[in-house]
Amino acid sequence: MDTQRGTRSTRIGIVVSDKMDKTVVVRVDQVVKHRIYKKYIKRRVNCKAHDEANSCCIGDKVLIVETRPLSKDKHWRVREVLEKAVIA
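All figures in this text were calculated on a predicted structure; none of them were measured in a lab.

J.: Whenever I open this one, the pairing of strand β5 (residues 74-83) confuses me. Can you help?
T.: Along any regular strand the residues' side chains alternate between the sheet's two faces. Looking at chain direction, strand β3 (residues 40-50) and β5 are connected through three bridges and run parallel. Bridging across to β5, K48 finds its partner in K74. In this sheet, β5 lies alongside strand β4 (residues 61-66) in antiparallel orientation, the contact comprising six bridges. Residue pairing across strands places V62 opposite V81, the latter belonging to β5.

J.: Got a minute to help me understand the side chain of T23 in this structure?
T.: Relative to the helices and strands, T23 is located in strand β2 (residues 23-33). At 2.9 Å, the side chain of T23 and the side chain of K74 are in polar contact. Once residues lying within four places of it in the same chain are set aside, the contact partners of T23 are D18, K48, A49, D51, N54 and K74.

J.: Sorry if this is basic, but what is going on with the sheet that holds β3 here?
T.: Within a beta sheet, neighbouring strands are joined by backbone hydrogen bonds and run either parallel or antiparallel to one another. Around the barrel, five strands lie side by side as β1-β2-β3-β5-β4; this closed barrel has mixed pairing. Adjacent strand axes in the sheet meet at a mean angle of 50 degrees, parallel and antiparallel pairs treated alike.

J.: What is the right way to look at the side chain of D51 in this model?
T.: Looking at the element boundaries, D51 is found in the loop between β3 and β4. Buried charge without a partner: D51 forms no salt bridge, and the closest opposite charge is K84, 8.0 Å away. In terms of polar contacts, D51 uses its side chain to reach the backbone amide nitrogen of S55, at 3.0 Å. Setting aside chain neighbours within four positions, we find D51 in contact with K22, T23, V24, C56 and V78.

J.: Is there a simple way to explain the nonpolar core in this structure?
T.: Nonpolar side chains in soluble globular proteins generally cluster together in the buried interior. Of all hydrophobic cores here, the largest spans 11 residues; its members are V15, V24, V26, V28, C47, A49, C56, V62, I64, W76 and V78. Counting residues per element, the ones that place at least two in this core are β2, β3, β4 and β5. With three residues, the top contributor of residues to this core is β2. When residues no more than four places from it in sequence are discounted, the contact partners of I64 are S9, T10, R11, V26, V28, C47, A49, W76, R77, V78 and R79.

Reading guide: rules and limits
- Residues numbered from 1 in each chain as written.
- Predicted model: local features only at pLDDT ≥ 70, side-chain atom pairs only at ≥ 80, totals over all residues.
- Heavy atoms only, no water.
- Pairing = 2+ DSSP bridges.
- Helix = DSSP H or I, 4+ residues; strand = E, 2+ residues; numbered from the N terminus.
- Polar contact = N/O pair within 3.5 Å; in protein donor to acceptor, adjacent residues only side chain to side chain.
- Contact = heavy atoms within 4.5 Å.
- Axes fitted to C-alpha atoms, helices over the stretch in contact; angles between N-to-C directions.
- Buried < 20%, exposed > 50% of the residue type's maximum accessible area, 1.4 Å probe, protein only.
- Lys, Arg positive; Asp, Glu negative; His and termini not counted.
- Salt bridge = Lys/Arg side-chain N within 4 Å of Asp/Glu carboxyl O.
- Core = buried A, V, L, I, M, F, W, Y, C linked by side-chain atoms within 4.5 Å.

So, in structure tokens, the structure goes:
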């Protein structure tokens, strides 16, 4: 019996808030084509993601992966930090 799970959705975004304990808010930008006018539109969504080690800071570029519901509106986990923010 194969115990492999289905493919999980992953997204890349920027951390916009890290004020909560073990939770970060990640802004995911997407460019989509309008179905009638054929112009490209920017879409933006904020996702709350679980950060077990509290290692993410504002401005970090992270890879998040879909997971089971962890709270009312937290359904993502931080898999890895792709790029750390430059602190001026």
